[in-house]
Amino acid sequence: MPVTIVVGTQWGDEAKGKISDILAENADIVARFNGGDNAGHTVVNQFGTFKQRLIPPGIFNEKAVSVVGPGVVLNLKTITGELQDLASRGIDITDRLWVSPRCQIVLPYHRLIEELTEKAKGDLKTGTTKRGMSPVYADKVSYNGIRLFDLMDREKFLKKVSTQLAIKNPTLEAFGFEALDAEKIVDDELEKFELLRNVVREPFELIHNALIDQAHVLVEGAQSTLLDNTWGTYPYCTSSTTVTGGITAGLGIAPKWVSRVIGVAKAYSGRVGNGPFPTELLDDIGDHIREEGQEYGTVTKRPRRCGWFDAELVRFSSMLNGVSEIALTKLDVLDKLPEIKFSTHYESSETHQTMRYWEGDADALFDCDPVYETMDGWMESTAKTREYSELPEKARNYIERLEGLIGYPISMVSVGPAREEIISKK
Ligand code: GDP
Ligand code: IMO
Ligand code: MG
């Protein structure tokens, strides 16, 4: 069966972009189904280094089509900028890009409303990427959204923006922002829309014909399971459905077509933004991992919080997404640590009973005690290794212990950012 999904199992930035780029080499269609330009997916291949925000990595395979599905929210400035950047680097994909007209668009008021909401929440803020994600998804579910369909008719678009401003401007003014002008928003967005117009076409039939022909459709998840709006560490999460089940609503693919789900997990843990992080390291080891792993946000450049691998979380994510295998990434980042810890499960700090991730909310996670095991580090570079059997024995012991704890097979181990820095583990 033809659909492979790449999904993050932690809090994002697990190297989904790298794994998708590798798999895109054999794909006919590569598609995104969720999120927006809050995503930053790094691809390092023979064409250079790319930070993809909205366009999936099918672009690097000239036989593949790239699809931005209807579940994605579009910042027109970002997507047109991304297209221009690719074109300036010799990759022109306008013939091979399909953007669903059902995509909601992010407008200037979304970012302002997010700014004032985050400010009002003080310590309880989510620590977002400031791309207007929560207001644009809130508008979508409350029938206040504006979709690419609406931009095809200026009068209709202007009417919808004016209606939204009638609701939103008083709030913006009350919080000290200037009222926004509908005509200006419409002109600015239409200018960018013109650059995109030729690729705005519903991919539903294209995808379905591909599925019937048993073509290979690769779906690249954005954000990650623990940022999912329902199953993640709410309210320290994102606004879209990030889990594999989201591909039906976000792309128009029924579950029966999915044959392979690759859960991507770093060999340690990390998150950016606020929220619980039971295995976080607020010490020199955390700093060491941050520097070795270059853990700074792709979108916001914020230092990412780093910690030990958390098997409870990756096990949960694997169950929820129905993963068939795990790609374990950034193993090389641990190369210089003499001792490596990982958490096997949690205990309640009050009762000392085993606590499962799914039983509680984010506040419960603030109060749990991760239970750790310790292993010797391998203390040698793994970056040049290409055969699993050639990894240091202690590194293999670590990988295999994690595999046992997660309960799903690790099929690939990544030891560097580049496409070829990958080890297949059968
Ligand atoms: P994504 O959002 O899941 O696609 O991940 P990001 O691109 O935001 O972050 C992953 C970062 O790790 C990027 O800078 C990648 O180039 C880098 N990277 C990917 N795989 C590896 C690896 O195995 N080792 C190291 N050291 N870096 C990696
Ligand atoms: P990729 O696809 C890491 C986090 C933000 C914040 C929370 C909500 O590159 O893995 P939002 O702007 O979505 O409302 O922010 O989610 N976040 C990410 N963290 N990687 C991402 O994407 C993220 N997208 C959102 O830091 O904590
Ligand atoms: Mg990222």
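This section reports on the structure supplied with the text. Because the structure is predicted, anything quoted here is derived from the model rather than measured.

Criteria and cut-off values
Residues numbered from 1 in each chain as written. Chains lettered and ligands numbered in written order. Predicted model: local features only at pLDDT ≥ 70, side-chain atom pairs only at ≥ 80, totals over all residues. Heavy atoms only, no water. Near = heavy atom within 4 Å. Polar contact = N/O pair within 3.5 Å; in protein donor to acceptor, adjacent residues only side chain to side chain. Areas by Shrake-Rupley, 256 points an atom, 1.4 Å probe, with all protein chains shown as cover. Helix = DSSP H or I, 4+ residues; strand = E, 2+ residues; numbered from the N terminus. Nonpolar A, V, L, I, M, F, W, Y, C, P; charged D, E, K, R; others polar. Core = buried A, V, L, I, M, F, W, Y, C linked by side-chain atoms within 4.5 Å. Buried < 20%, exposed > 50% of the residue type's maximum accessible area, 1.4 Å probe, protein only. Contact = heavy atoms within 4.5 Å. Patch = residues over 30% accessible without salt bridge, like charges linked within 9 Å, V, L, I, M, F, W, Y side chains within 5 Å. Salt bridge = Lys/Arg side-chain N within 4 Å of Asp/Glu carboxyl O. Lys, Arg positive; Asp, Glu negative; His and termini not counted. Charge placed at Lys NZ, Arg CZ, Asp CG, Glu CD.

### A few points about the site of ligand 1
Near ligand 1 lie 18 residues; those nearest to it are Lys16, Gly17, Thr42, Asp332 and Ser414. Between an oxygen atom of ligand 1 and a side-chain N or O atom of aspartate 13, the distance comes to 2.9 Å. Contacts to ligand 1 include threonine 42, whose side-chain N or O atom sits 2.6 Å from an oxygen atom. Calculation on ligand 1 without its partners gives an accessible area of 580 Å², and the protein chains cover 93% of this total. For the shell around ligand 1, the elements supplying multiple residues, two or more each, are helix H1 (16-24) and strand S3 (41-45). Broken down by class, the residue content of the shell around ligand 1 amounts to 4 nonpolar, 7 polar and 7 charged.

### Some words on the nonpolar core
Core analysis: the largest hydrophobic core is formed by 40 residues, its most contacted members being Leu74, Leu76, Ile79, Val99, Ile105, Leu148 and Val161. Going through the elements one at a time, helix H2 (76-88), strand S7 (97-99), helix H3 (108-121), helix H5 (154-174) and helix H6 (182-196) are the ones with two or more residues in this core. If one sorts the elements of this core by residue count, H6 sits on top with 6 residues. Non-local contacts of leucine 74, meaning those with residues more than four positions away in its chain, are made with Leu54, Val68, Ile79, Val99, Cys103, Gln104, Ile105, Val106, Leu148 and Leu196. Ranked by size, the runner-up nonpolar core spans 34 residues in total, among them Trp308, Val314, Val323 and Ile410.

### Some points on a nonpolar patch on the surface
Residues Trp231, Met319 and Trp358 make up a contiguous nonpolar surface patch of roughly 320 Å² in combined accessible area. One can find tryptophan 231 in the loop between strand S9 (217-220) and helix H8 (247-251). Classification of tryptophan 231 by relative accessible area gives partly exposed; the value is 40%.

### Notes on a negative patch on the surface
Residues Glu350, Asp361, Asp363, Asp367 and Asp369 make up a contiguous surface patch of negative charge. Residue placement: aspartate 361 occurs in the loop between strand S16 (354-355) and helix H11 (362-366). Owing to a relative accessible area of 45%, aspartate 361 belongs among the partly exposed residues under this scheme.

### Remarks on the pattern of salt bridges
One pass over the structure, following the stated rule, counts 27 salt bridges. With a closest N to O distance of 2.6 Å, arginine 154 and aspartate 187 form a salt bridge. Taken together, the residues span a long stretch of sequence, with arginine 154 in helix H5 and aspartate 187 in helix H6 at a distance of 33 residues. Owing to a relative accessible area of 31%, arginine 154 belongs among the partly exposed residues under this scheme. The class for aspartate 187 is partly exposed, based on a relative accessible area of 40%.

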